[in-house]
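So you can see what is in the structure, the chains are spelled out below.
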Amino acid sequence: MLDKNGIAKRIAREVKDGMYVNLGIGIPTLVANYIPEGINVVLQSENGILGMGPFPKAGTEDADLINAGKQTVTLLPGSAIFDSAMSFGMIRSQKVALTILGAMEVSETGDIANWKIPGKMVKGMGGAMDLVASAKNIIVAMQHVNKAGESKLLPKCTLPLTGVKCVKKIVTELAVIEITNEGFLLLETAPGVSVDQVKNATAGKLIISDNVTEMVI
Amino acid sequence: MINKVVTSADEAIKDIQDGMTILLGGFGLCGIPENCIAALVKKGVKDLTCVSNNAGVDDFGLGLLLQKRQIKKMISSYVGENAEFERQMLSGELEVDLIPQGTLATRCLAAGYGMPAIFTPAGVGTEIAAGKEVRKFNFNGEEKDYLMEMAFEANFAIVKAWKGDSEGNLIYRHTARNFNPMMAMAGRITIAEVEELVPLGELDPDQIHTPGIYVHRIFQGKDYEKRIEQRTVLI
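Residues numbered from 1 in each chain as written. Chains lettered and ligands numbered in written order. Predicted model: local features only at pLDDT ≥ 70, side-chain atom pairs only at ≥ 80, totals over all residues. Heavy atoms only, no water.

**Student:** Would you mind showing me how to read the overall build of chain A here?
**Tutor:** Looking only at helices and strands, one finds five helices and 13 strands in chain A. The C-alpha atoms of chain A give 17 Å as radius of gyration, which agrees with the globular expectation for 217 residues (17 Å, within 12%). If you line up chain A on its principal axes, its C-alpha atoms span 50 × 40 × 30 Å. Every one of the 217 residues in chain A was classed for burial, and the buried ones make up 57%. (Helix = DSSP H or I, 4+ residues; strand = E, 2+ residues; numbered from the N terminus. Rg over C-alpha atoms; globule rule 2.2 N^0.38 Å. Buried < 20%, exposed > 50% of the residue type's maximum accessible area, 1.4 Å probe, protein only.)

**Student:** Sorry if this is basic, but what is going on with the overall build of chain B here?
**Tutor:** Scanning chain B from N- to C-terminus turns up six helices and 11 strands. Taking 2.2 N^0.38 as the reference for a compact globule, 235 residues should give roughly 18 Å; the C-alpha atoms of chain B span a radius of gyration of 18 Å, in line with that estimate. Principal axes of the C-alpha set define a box for chain B whose edges measure 50 × 50 × 45 Å. Looking at chain B residue by residue over its 235 residues, the buried ones come to 54%. Look at the contacts in chain B between residues 6 or more apart in sequence, and 72% of them connect residues 24 or more apart. Looking at chain B as shown, the accessible area adds up to about 10,100 Å², and 49% of this sits on carbon and sulfur atoms. Distance from the positive charge centre (25 side chains) to the negative charge centre (32 side chains) of chain B: 2 Å. (Contact = heavy atoms within 4.5 Å. Areas by Shrake-Rupley, 256 points an atom, 1.4 Å probe, with all protein chains shown as cover. Lys, Arg positive; Asp, Glu negative; His and termini not counted. Charge placed at Lys NZ, Arg CZ, Asp CG, Glu CD.)

**Student:** Can you walk me through the interface of chain A and chain B in this structure?
**Tutor:** Reports often express the size of an interface as the amount of accessible area lost when the parts come together. In this assembly, 48 residues from chain A lie in contact with 50 residues from chain B. Together chain A and chain B conceal approximately 4,100 Å² of surface at their shared face, both sides included; 61% is due to carbon and sulfur atoms. For chain A, the biggest contributors to the area lost against chain B are Asp64, Lys70 and Met121 of chain A; these three give 19% of the whole. Counting across the interface, chain A meets chain B through five salt bridges. Taken together, the links from chain A to chain B amount to 24 residue pairs in polar contact (both at pLDDT 80 or more). Listing elements by their share of the side of chain A that touches chain B, those giving two or more residues are strand E4 (74–81), helix H3 (84–92) and helix H4 (128–134) of chain A. Considering only residue class, the side of chain A that touches chain B consists of 23 nonpolar, 14 polar and 11 charged. (Buried area = accessible area lost by both parts, 1.4 Å probe. Salt bridge = Lys/Arg side-chain N within 4 Å of Asp/Glu carboxyl O. Polar contact = N/O pair within 3.5 Å; in protein donor to acceptor, adjacent residues only side chain to side chain. Nonpolar A, V, L, I, M, F, W, Y, C, P; charged D, E, K, R; others polar.)

**Student:** Just to check I follow, could you spell out the nonpolar core for this structure?
**Tutor:** Most often, soluble globular proteins have nonpolar side chains that are buried together. Ranked by size, the top nonpolar core spans 51 residues in total, and within it Val106, Val140 and Ile170 of chain A carry the most contacts. Apart from the residues lying within four places of it in its own chain, the contact partners of valine 140 of chain A are Ile11, Leu101, Gly102, Ala103, Val106, Ile112, Val167, Lys169, Ile170 and Val171 of chain A. If you look at the next biggest cluster of nonpolar residues, it comprises 38 residues, including Trp115 of chain A together with Cys50, Ala55 and Ile128 of chain B. (Core = buried A, V, L, I, M, F, W, Y, C linked by side-chain atoms within 4.5 Å.)

**Student:** Looking at this model, I keep getting lost on unusual backbone geometry. Mind explaining?
**Tutor:** Glycine aside, a negative phi is what most residues show, and trans is what most peptide bonds show. One non-glycine residue, lysine 70 of chain A, lies in the positive phi region at around 65°. If you trace the backbone, lysine 70 of chain A turns up in the loop between strand E3 (49–53) and E4. Lysine 70 of chain A sits in the buried class, given a relative accessible area of 5%. Of note in this structure, asparagine 140 of chain B is not a glycine but carries a positive phi near 55°. Position of asparagine 140 of chain B relative to the elements: it lies in the loop between strand E6 (134–139) and strand E7 (142–150).

**Student:** I tried to follow the pairing of strand E8 (residues 137–141) of chain A on my own but got confused; where do I start?
**Tutor:** Two faces, one strand: in a regular strand the side chains alternate between the faces of the sheet. All names here are of chain A. Counting buried positions along E8 gives four out of five residues, so the element sits mostly inside the fold. With four bridges connecting them, strand E5 (residues 98–101) and E8 associate as parallel partners. By the bridge assignment for E8, isoleucine 100 is matched with isoleucine 139. In this structure, E8 lies alongside strand E10 (residues 169–171), joined through three bridges in parallel fashion. (Pairing = 2+ DSSP bridges.)

**Student:** Honestly, the sheet that holds strand E9 (residues 153–154) of chain A in this entry has me stumped. Any pointers?
**Tutor:** The pairing of strands in a sheet happens through backbone hydrogen bonds and is either parallel or antiparallel. Taken in spatial order, the three strands line up as E7-E6-E9 (chain A) in an open sheet, and their pairing is mixed. On the outer flanks of this sheet lie strand E7 (112–113) and E9 of chain A, each paired with one strand and no other.

**Student:** Explain helix H2 (residues 34–43) of chain B here, please?
**Tutor:** Side chains three or four residues apart in an α-helix point the same way, a direct result of the helix having 3.6 residues per turn. Residues and elements named next belong to chain B. Buried within H2 we find Glu34, Asn35, Cys36, Ile37, Ala39 and Leu40. As for H2, its buried residues are in contact with helix H1 (9–12), strand E1 (21–24), helix H3 (63–67), strand E8 (154–165), strand E10 (187–198) and strand E11 (217–220). One or two positions beyond H2, positive phi appears at glycine 44, with a value near 80°.

**Student:** Looking at this structure, how should I read the environment of glycine 31 of chain B?
**Tutor:** All names here are of chain B. With respect to the helices, strands and loops of the structure, glycine 31 is situated in the loop between E1 and H2. Glycine 31 sits 19 residues away from cysteine 50 along the chain, and the two C-alpha atoms are 16 Å apart. Setting aside its immediate chain neighbours within four residues, glycine 31 contacts Gly25, Gly26, Lys160, Ala176, Asn178 and Asn180.

**Student:** Looking at this structure, I do not really get the packing of H3 of chain A against helix H5 (residues 101–112) of chain B. What am I missing?
**Tutor:** To describe two helices that pack against each other, one gives the angle between their axes and the distance between the axes. Where H3 of chain A contacts H5 of chain B, the two axes come as close as 8 Å, and the packing angle between them is 120°. In terms of axis orientation, H3 of chain A runs oblique to H5 of chain B. Relative to H5 of chain B, H3 of chain A is oriented so that their crossing is left-handed. Residues Ser84, Ala85, Phe88 and Arg92 of chain A of H3 of chain A form the contact with H5 of chain B, whose own contacting residues are Gln101, Gly102, Thr103, Ala105, Thr106 and Leu109 of chain B. Looking at side-chain class alone, the contact of H3 of chain A with H5 of chain B contains four nonpolar, five polar and one charged residues. (Axes fitted to C-alpha atoms, helices over the stretch in contact; angles between N-to-C directions. Parallel < 35°, antiparallel > 145°, perpendicular 65-115°, else oblique. Left-handed = near helix turned anticlockwise from the far one by under 90°.)

Keep in mind that these numbers describe shape and distance, not what the molecule does.
Right, here's the structure in full:
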C-alpha cells in the first residue's frame, strides 16, 4: 500500500518530456517533487504562470508571486506570466497536455466529482470544471476508499459532478486503473496489495487486465 | 484631455451606490484593490453584488465588506478561506453563485471584447448547466457540447496594478495580474489603483497590459499591506 508520496511518485512516471502539466492541490502538487531525472516539464499554474518553480528561500517570498493554492512560489528561467483569461484559454485549447487532480468520487465511465458535498460548506470548483472539460489527459490522484471506508470508484457518482466522461487514469494507494469503455481496468497493484484487495475496495465494474503487474515506484 | 487622475480611493468610488454590481480583481489576496475595498467599507454602501474569484479572508480583502454585511451576492469560483462568509452563506444572508474560474475570466473578457456570450465546455453535464443553453459544435476535430455563458454587465470594475500613468495605461506585476486585465476591460466604469503613478511617457508602450481606453479613473494607492495567504518556503 502506498502513502501520499508513493501515489505522487507513481504518477510522476506518467509525465513525459516536454509536457505542459497542471497540478491540482494536495497529492498532485507532490508530483513535482518526483519528476524523473532527464524529464523536463513545464508546470502551469492557472492563476497565470508557465514555468513555475519551487517554493522560495525564506526571506525572498514575494506577495505578488503565488500558485493556484495561494502559496508563495518562484519562477524558473524561461517562465511566462499571463492573465486568468489566457490561462484558461491555453487549458481550453488543450495546449496543457496533462492535468493531475484529486477527487472525491470517480465513476466507471470517467465522471468525476470533487467540488461539492450537499449540505456541507461548498467552497467552489475553482478551475477544476474548466480543466476536466478540456484536458486531453486527466489523471486522478486519490485514496481508493473514503474515511468511512466506502469505495470512491463507483458505478455512478453520487455527489454533484465536476465533469463527465473525462478521467483517463486513477492512481490510488492500492492500484493503477484505466478508464475504458467497459469500466475500470486494473493495470497495476501497489507493492504488497492483492488483486482481491483492489476488487473489494472498488464498487464500480472492475476488469482485471490479463497482465496485472506490480507498480514500479 | 479628460483628467482620469483622482486624488484618493474615496473620490474614485464616490458614486458607487447601494445595489450595484462590481467586478474586483485579484486571486486570493494577490493583486486585490486594497485601497478601494477600504474606501467601500468606509462609505458603507450595501447590497452590493461582487464578482471576484475569491472572497478574501475574515479580516482582509473582501472579508472586510462581508464583516459589515455590505455584500448581498457574491459571484466567485472558490471561497474556501473565510469563516464569516461560510456563516452568512449557510444562514442565507448571503447569496452565492459559484462558477468555474475560466468561465468567470472569460465572461469578463467577453464584456471587454463587446461580445454578449461565450460557449465553454466547462460545466457541461453538471448542475451548473441547469437552465443554460447547450450547443453542440464540431470544433478541433471533436463534436462536443458547450454551455452558453453571458458576458458580465457591471456598473464598476475595480482593479489593482503595479504601475500606471495619467492616461490610465496599466502594467501589472507577476501573478498579481490574474483577473485584473479582463475585469478592467469589463466595467462600465473602471477604477484602477496603482502602486506607482508615473508621468506620461514613462511606461513603455510595448509593455502595457491594459490600454488606458479601458480605464476611467486612476489613483496612486497607499499603505499596501500585500498580505501573503500561504507563506511557503524551502526547508
